[in-house]
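# Working through the structure, step by step
If you want the building blocks of each chain, they are given just below.
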Amino acid sequence: MTIAKYIKLYFKLVSAGIRAQLQYRFAFVMRIIGMITAYTGTAVTMWVMLYQFQTLGDWNFFEMLFLFALSILSWGFCIILFFHFRSLDTYILNGTFDRFLVRPLNPFFHFMAMKFDIASFGQFLFSIVVFVIVSFQLQLEWTLGKLLFLLGAIVGGVLIQGGLLVIISAFAFWTTKSEQFYWVAMFPARNLTYYPLAIYPKFIQWITAFVIPFGFVNYFPTTVILNKETPYFPDYMGYFSPLVGVLFFGLAYFIWMLGLSRYKSTGS
Amino acid sequence: MNMLEYEIVLKIKIIYGVQGMSSWSMYWTFTKKAFLRSSVYRFEVWSRTGSNIIFLLMWGSIWTALYAGRDEAGGVTFTAMLTYIVVSQFLDGVNEAGTPLWEIQEKVRTGDISLELMRPFDVPLRYLFADFGSVAFYMITALLPLYLVIFYFLDLALPTNWLTWVYFIISACIGFLIRYCVEMTFGLLTFFLVETGGIEDIFYFAMSLLSGSVIPLWFFPSWLETIAVYLPFQAIFFMPISIFIGETTGGEVFTSLGLQLFWLFVCYLVLRMVWNRASHKVVVQGG
Amino acid sequence: MSIIEVNNLQKEFMIAKRETGLVGALKSLVKREFVKKEAVKDISFSIEKGEMVGYIGPNGAGKSTTIKMLTGILVPSAGQVTVNGIVPYENRQENAKSIGVVFGQRTQLWWDLPTIESFELLKAIYRVTDQRYKENMSIFQEILGLDEFINTPVRQLSLGQRMRADIAASLLHDPPILFLDEPTIGLDVVAKEKMRTFIQEINKEKEVTVILTTHDMEDIEKLCQRMVLIDHGQKVYDGDILAVKERFGKMRTLVVDLEDANSSFHIKGGELCKQEGNRYWLRFNRNEVSASDLITQISQTHNIKDLTVEEPDIESIISRIYQEGFIEKQTVKG
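Residues numbered from 1 in each chain as written. Chains lettered and ligands numbered in written order. Predicted model: local features only at pLDDT ≥ 70, side-chain atom pairs only at ≥ 80, totals over all residues.

### Some words on the interface of chain B and chain A
- Between chain B and chain A, the contact holds 31 residues from the first and 31 residues from the second.
- For the side of chain B that touches chain A, the elements supplying multiple residues, two or more each, are helix H3 (42-67) and helix H9 (197-210) of chain B.
- If you tally residues by element for the side of chain B that touches chain A, the top one is H3 of chain B, at 14 residues.
- Looking at the side of chain B that touches chain A residue by residue, the class counts come to 19 nonpolar, 8 polar and 4 charged. (Contact = placed C-beta atoms within 7 Å. Helix = DSSP H or I, 4+ residues; strand = E, 2+ residues; numbered from the N terminus. Nonpolar A, V, L, I, M, F, W, Y, C, P; charged D, E, K, R; others polar.)

This is the structure we're talking about:
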């Protein structure tokens, strides 16, 4: 099947997914409200933290908000495209995953196209409002170059976080678990990146730069936009976000396919 | 089920309760069962420990950066503050070993809890005793060894007086019970709401910020501190940890414990009220 | 060449051992032991085009493992499989075009959308041409009566309607082979009967080869001429259903209620196979001894209150085969 045909089919499947989701409008609205509440809660915690101390490292409240909002913005796209990957284990356990294997399609594609979670509207609303506030407070000048850079960072962030979700879902092929991995590994790891990486021990910074490249989601790009120092790393790291994203997602896809072939030999 | 059947169920409960001097031994069985069952979920034990360590590392780093080399801020030494965060993460580990909020909600939605109404035991008490079992297992296999190592290697301020240890343990236990009541109450709200979206986020927010689990109340802006003081959440983390690091001493300890008992009483009453409403709803409207 | 060929098929799994007791519980935190399980030991059979075959066996016999290997979901440990000339696990997507699969307990339809939308999505997934889609839909409407619920969301369909929609969905791309896993599970008697008629008509109309796994022996009796019976990962019987009935059909069971309970007795030509209170089940070969013979014998020593003679249905025959093994292990090829 050609790429163009796949893209056409993707939109068909996705629009079905959206229509299915809109059957539950009340739940949909409540989820958006819930997410905005949760993120506002974290922002309030940051504000309380800096109420007495003024700065964290050399980051002030609004700089931290920017860092936080960038993470949430790319996470919003991730939720749309990949968030359902975390529950691959449920699909495997109750046997519904087999459905994807009796169809003449690439299973990764088919699984990805199955859901399109538009409730991430909450993430977009939150992060865009924060961007506007922070831009005024820090008097940021948004040139075309900077906007393009931001776009690249978002693409990179989506691919990196999406890649990690894909890897986590692939664990289900080996361990029959994935959702839990999300809550115990990726959720805390994402929380780490809400704060400037410079405050963490060197080995953590090293891991988030080269192993699980979360640093490229928001920290490195933010240091470029806000002209912040990056101890241990050159200050142009942020420019590599899209590249790192593509490479990491490629790796994730490879691992997923490896897991799938293992699933086919063990069936569990 | 009509009212008559409801009364029959109640009677069965009363009869069992009266016959059951063995009632406590029945609850004790739930504890033992939960203890043994925890071991089956070995992955959960490891993973929860992993995420606990990540959060400890995060908050430790944040407070180190906030102090920025100073020995003291707002009258609290850096060592005391670091101890505060470590103890807080320990208590967080203890609290997380119990039945989580989403599981209670799930049990309400699937009707598991409604089914348990038919059984001759008190449902909130049954879950509490089961939690004792899973908490004990998690403490023995993961939390205690981990935190012994952490306390050994980090330069933390341990209480020197054994009485402080006793007060801390009592205070932490009351805190655990308060959290149980609050969480169960929030979980039971699922009985009355079609969608709980915002509710659980408010719960998690209160649990992390207003309880003082990540920022002690004395660093709050005064208006927020006032709000937090008049809420039960501070009794879960802030009060026991303050006793541990010696911020609450002498007669204040007893005021603090008394206040905790008061909150426990209030939260228990609220839980009972919500529970009675919920079970009434189940038996009259079928859940 | 047969449309499905299976030769010396094998599949092994490694399964984690559950530790018991407190020490075991703590031990399993660190290390877990695995045991090898042979789900399918050595199975061979071939199926011709247009056949309708019942593939049956108790839970854990290796039924679904075999089906998964035929559909390309699982890779065999050893042995050969070809489905419509394709090796499923080597060429899964190609194979997927020539099979239709219905898992009775799990729908392949989009739960929250009107039924028709699932058909349209599957049309896109299988790239069915407009003309074929139209033709097929009108055939299904006629046979399966999709009209009455085509615009209802799948989650609101009755189980019978959903199953009909699922069967139609699996045949949309004209697969020559159809796998039906428990197609009547959970249906009431009337709906079951309807479903069987549908399957028969589909088989005739489209000349689809059907492989049916089920726990309901009536499905097999009404639908299939041939059954493949497996147990513990091995084939126990493969052949004509009538042949089985004939072989075991000569056995009858006499059920007698006696006035005095718990008396032991010996009857020539009858074998006591079950007893509950004062009710006794005696199995006998009707070619060797007649029922009236037995009754006369019993009434000499006991007072009979009530009696019936039971003919064996396929279900009891099969449960006997599971319990005792197929006595003469030669197979009758159907």
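### Considering the interface of chain A and chain C
- Facing 20 residues of chain A, the contacting portion of chain C comprises 25 residues.
- Considering every element that reaches the side of chain A that touches chain C, the biggest residue donor is helix H1 (residues 3-21) of chain A, with 6 residues.

### Digging into the nonpolar core
- Ranked by size, the top nonpolar core spans 212 residues in total, and within it Ala 69 of chain A, Ile 62 and Ile 178 of chain B together with Val 53, Ala 168 and Leu 212 of chain C carry the most contacts.
- Ranked by residues supplied to this core, first place goes to helix H3 (residues 61-82) of chain A with 15 residues.
- Setting aside residues up to four positions removed in sequence, Ile 62 of chain B forms contacts with Leu 56, Tyr 195 and Ile 199 of chain A.
- Formed by 9 residues, the second largest nonpolar core is a distinct cluster that contains Leu 258, Tyr 280, Leu 282 and Ile 298 of chain C. (Core = buried A, V, L, I, M, F, W, Y, C linked by C-beta atoms within 7 Å. Buried ≥ 20, exposed ≤ 12 C-beta atoms within 10 Å, placed from the backbone.)

### A few points about the confidence of the model for chain B
All names here are of chain B.
- When pLDDT is averaged along chain B, the result is 87; 91% of the residues meet or exceed 70.
- Considering each helix and strand of chain B separately, the mean pLDDT is smallest for helix H1 (residues 3-19), with a value of 51, and largest for helix H11 (residues 238-244), with 97.
- Every residue in residues 17-21 is under pLDDT 50, and counting partners more than four places away or in other chains gives 2 contacts.
- At the level of chain-chain contacts, confidence expressed as ipTM amounts to 0.90, with global pTM at 0.84. (pLDDT = per-residue confidence, 0-100.)

### Quick word on the pairing of strand S9 (residues 234-240) of chain C
Residues and elements named next belong to chain C.
- Taken together, the 6 bridges between strand S8 (residues 226-231) and S9 define a ladder with antiparallel strand orientation. Counterpart to Asp 231 in the pairing with S9 is Gln 234.
- Taking the residues between adjacent antiparallel strands as the criterion, S8 and S9 are bridged by 2 residues, where His 232 takes a positive phi near 50 degrees. (Pairing = 2+ DSSP bridges.)

### Considering the packing of H3 of chain A against helix H11 (residues 219-226) of chain A
Residue and element names in this part refer to chain A.
- Contact geometry of H3 with H11 gives a least axis separation of 9 Å together with a crossing angle of 135 degrees. Classified by the angle their axes make, H3 and H11 are oblique. Viewed along their axes, H3 and H11 form a crossing whose handedness is right-handed. Residues Glu 63, Phe 66, Leu 67 and Leu 70 of H3 lie in contact with H11, whose contacting residues are Tyr 219, Pro 221, Thr 222 and Leu 226.
- Among the residues making up the contact of H3 with H11, the classes are represented as 6 nonpolar, 1 polar and 1 charged. (Axes fitted to C-alpha atoms, helices over the stretch in contact; angles between N-to-C directions. Parallel < 35°, antiparallel > 145°, perpendicular 65-115°, else oblique. Left-handed = near helix turned anticlockwise from the far one by under 90°.)

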